[in-house]
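Observations on chain architecture
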Amino acid sequence: MKEREKLRAPALDPATVAPSGPTNYPAPFRALVAARERRRLGDALGLKNFGVNLLRLPPGCASSQRHWHSRQDEFVYVVAGAVVLVSDGGEQTLTAGMAAGFPKGLPDGHHLINRGAGDALVLEVGDRPAGDEADYPDIDMLVRWIDGKARYVRKDGTVY
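Cut-offs and rules
Residues numbered from 1 in each chain as written. Predicted model: local features only at pLDDT ≥ 70, side-chain atom pairs only at ≥ 80, totals over all residues. Heavy atoms only, no water. Helix = DSSP H or I, 4+ residues; strand = E, 2+ residues; numbered from the N terminus. Buried < 20%, exposed > 50% of the residue type's maximum accessible area, 1.4 Å probe, protein only. Polar contact = N/O pair within 3.5 Å; in protein donor to acceptor, adjacent residues only side chain to side chain. Contact = heavy atoms within 4.5 Å. Pairing = 2+ DSSP bridges.

What follows covers the side chain of His67. Considering the arrangement of structural elements, one finds His67 in the loop between strand 2 (50-57) and strand 3 (68-69). Residue classification places His67 among the buried positions, given a relative accessible area of 7%. A distance of 3.2 Å separates the side chain of His67 from the side chain of Ser64, its partner in a polar contact. Side chain to side chain, His67 and Glu74 meet in a polar contact 3.4 Å long. With sequence-adjacent residues up to four places away left out, His67 is seen in contact with Glu74, Asp108, Gly109, His110, Asp135, Tyr136 and Pro137.

Another point: the sheet that holds strand 12 (residues 149-153). Ordered in space as 3-10-11-12, the 4 strands form an open sheet in which the pairing is antiparallel. Among the strands making up the open sheet, the edge pair consists of strand 3 and strand 12. As judged from the 3 bridges shared by strand 10 (residues 134-136) and strand 11 (residues 141-146), these two strands associate in the antiparallel manner. Directly across from Asp135, in strand 11, lies its bridge partner Leu142.

As structure tokens, this is what we get:
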């Protein structure tokens, strides 16, 4: 097998970007996403206005808890494998080459789940607006700005 060529900026091999750490969700909500692996390609390339992540979902793993954003547009593109898109409208299977978009402010909770037998790879793209908040319709969790920081809170406003 031919060895990969070493790339130089502005290009990179995603395999050279270390996966980000575990989720920062409060403990009760971590298990669903514990095995996901997210490589922050946009950060590695110095992008400031939007994020680009390569997400690996092993079987049984979800991209996130089901959520929607107040100010952030999101886009996903399935690179390999298949995922189930779960949204307020129901479930749809997305296979390699398919995409989905989630406009800011639209209260349509969504996430991706790998229900297949092999890994799925998904490219995630989202802008980085100031003051973005998130709602998680299925669980007792929101993201709200408190004292200049985005914090996970319960729906009654108490901080985790």
